[in-house]
Amino acid sequence: MDSFHSLLRRRWPAGKGSVLATLVAAEGHAYRKPGAVMLIDQDGTAVGHLSPGCVEMDLMERAKQVIVSGCTDIAVYDVREPDDLSFGEAVGCGGLLRILLEPVDSALEQALGAMHRLLNEGFPVKLVRILSANEVITEYRIRGGDRWHERFVRFSENRSGMKSTITFVYEPNPRLLLFGAGDDAVPVAELAARIGFSVIVADRREALCTAQRFPEAAATITGGVDDMLAAIAIRHDDRAVVMTHQMEQDRSILERLVHSPLRYIGILGSARRRAALIEGLFKSGDSRLRSPVGIVAGTDGAERIALSIAAELLEDVSRVKVMAAAASGL
């Protein structure tokens, strides 16, 4: 999933020429909503998408010019007409897109770093671009939680005159706490990361719980159960899947999770094993419990089980959004 949080984990090393492309406005049918982003490096490698492929090739060419000039650019694509051949093919996206291209200079790199730290801490982050009267981006301001953070100035000499702003708010990725680092946990972590979760893999087996085995994970944590949970610092909107396949360790983990603020607790294993694991721990009808975990019961094979779990996680995220919208009256 092309969330800003996921993209920030994969941004290029400091000093490597790159461009941040942000969809700042869209009219009509559009593939992404305003605020969507992608990163393009000097070699044309891109992370993220702003369309189904309609404008990306042209954006890459524009990005090269931005890297050379060091100046921001605005690209406007009017693809509302089905027979529009302006980009070499009938793109048919049906929208008007206005895309800001910014060189990732020192100020923007620092701002992105601050955003990444705040999103990792679970805060929604507001990114405000301050523009001078001649529409030059002079500084970035970051707000995480209830406080403003340091301003990141680009061109102090251009800060006079009337100013405008471009503002977007970005949400942190939901977190999946994956207890278990066996071979069948690898596709679960990979799929969950690809659909927009920040995955934390925890297991006492240090040889298995490594960044090399779980390259898409935001973190890998080893140690005793209490040590791992202390390092994780569980949040109320976290989701957990327990699959260490070690009865004693799974039970020990569940004994702690049952009293945590988690909203989703998935358990892998046979019906008999699951019954033994949760006996005396969970009240009947506990809505947090997913046992067996996964949207498709009786799924066989590591990849299919991972896909079933990923689908159920997405379903839960969607349910939360629907409930939040209903509560707000929107």
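Residues numbered from 1 in each chain as written. Predicted model: local features only at pLDDT ≥ 70, side-chain atom pairs only at ≥ 80, totals over all residues. Heavy atoms only, no water.

S.K.: I tried to follow the overall build of the chain on my own but got confused; where do I start?
M.R.: Helix and strand content of the chain: eight helices and 15 strands. The proportion of buried residues among the 330 residues of the chain is 46%. Within the chain, contacts between residues at least 6 apart in sequence are counted, and of these 59% link residues at least 24 apart. (Helix = DSSP H or I, 4+ residues; strand = E, 2+ residues; numbered from the N terminus. Buried < 20%, exposed > 50% of the residue type's maximum accessible area, 1.4 Å probe, protein only. Contact = heavy atoms within 4.5 Å.)

S.K.: What is the right way to read the pairing of strand E1 (residues 18–28) from this model?
M.R.: Within a regular strand, the side chains alternate between the two sheet faces. Taken together, the five bridges between E1 and strand E2 (residues 37–41) define a ladder with antiparallel strand orientation. Counted as the bridge partner of alanine 21 is methionine 38 from E2. (Pairing = 2+ DSSP bridges.)

S.K.: Is there a simple way to explain the pairing of strand E11 (residues 198–202) in this structure?
M.R.: With five of five residues buried, E11 is to be regarded as a mostly interior element. Alternating positions in E11 separate into two faces, Ser198, Ile200 and Ala202 on one and Val199 and Val201 on the other, with burial throughout. Relative to E11, strand E10 (residues 175–179) runs parallel, the two being bridged by five bridges. Paired with arginine 175 across the bridge in E11 is serine 198. A crossover links E10 with its parallel partner E11, the connecting element being helix H4 (residues 185–194), and its sense is right-handed. Pairing of E11 with strand E12 (residues 219–221) involves three bridges; the strand directions are parallel. Its bridge partner being in E12, alanine 202 is matched across the sheet by isoleucine 221. (Right-handed = clockwise from strand over helix to strand, strands pointing away.)

S.K.: What am I meant to see in unusual backbone geometry here?
M.R.: Comment: phi is negative for the bulk of residues other than glycine, and the bulk of peptide bonds are trans. For the peptide bond that leads from serine 291 to proline 292, omega is 5 degrees, which places it in the cis range. On the secondary structure map, proline 292 appears in the loop between strand E15 (289–290) and helix H8 (302–328). The residue alanine 233 is not glycine, and still its phi comes out positive at about 55 degrees. For alanine 233, a relative accessible area of 45% gives the class partly exposed. Phi angles above zero are rare outside glycine, and histidine 245 is one such case at about 70 degrees. Position of histidine 245 among the secondary structure elements: in the loop between strand E13 (239–242) and helix H6 (247–257). Histidine 245 sits in the partly exposed class, given a relative accessible area of 45%.

S.K.: How should the packing of aromatic side chains be read in this particular structure?
M.R.: Centre distance and the angle of the planes are the two values used to describe a pair of aromatic rings. Scanning all chains against the criterion turns up two aromatic pairs. When the centroid spacing of 4.3 Å and the interplanar angle of 85 degrees are considered together, the rings of phenylalanine 4 and tyrosine 170 count as edge-to-face. In this pair, phenylalanine 4 sits in helix H1 (residues 4–9) while tyrosine 170 sits in strand E9 (residues 164–170), placing the two residues 166 residues apart along the sequence. Accessibility expressed as a relative area gives 7% for tyrosine 170, which makes it buried. With 6.4 Å between their ring centres and 50 degrees between their planes, phenylalanine 168 and tyrosine 170 make a pair best called tilted. (Phe/Tyr/Trp six-rings, centres within 6.5 Å; stacked < 30°, edge-to-face > 60°.)

S.K.: Is there a simple way to explain the packing of H6 against helix H7 (residues 271–278) in this structure?
M.R.: Packed helix pairs are specified by the crossing angle of their axes together with the interaxial distance, meaning the distance between the axes. Direction vectors running N to C along H6 and H7 enclose 50 degrees, while the axes themselves pass 9 Å from each other. Taken as axis vectors, H6 and H7 run oblique relative to one another. Along this stretch, H6 crosses H7, giving a crossing that reads as right-handed. Counted together, Met247, Asp250, Arg251 and Leu254 of H6 and Arg273, Ala276, Leu277 and Ile278 of H7 form the full contact between these two elements. Grouping the constituent residues of the contact of H6 with H7 by class yields five nonpolar, no polar and three charged. (Axes fitted to C-alpha atoms, helices over the stretch in contact; angles between N-to-C directions. Parallel < 35°, antiparallel > 145°, perpendicular 65-115°, else oblique. Left-handed = near helix turned anticlockwise from the far one by under 90°. Nonpolar A, V, L, I, M, F, W, Y, C, P; charged D, E, K, R; others polar.)

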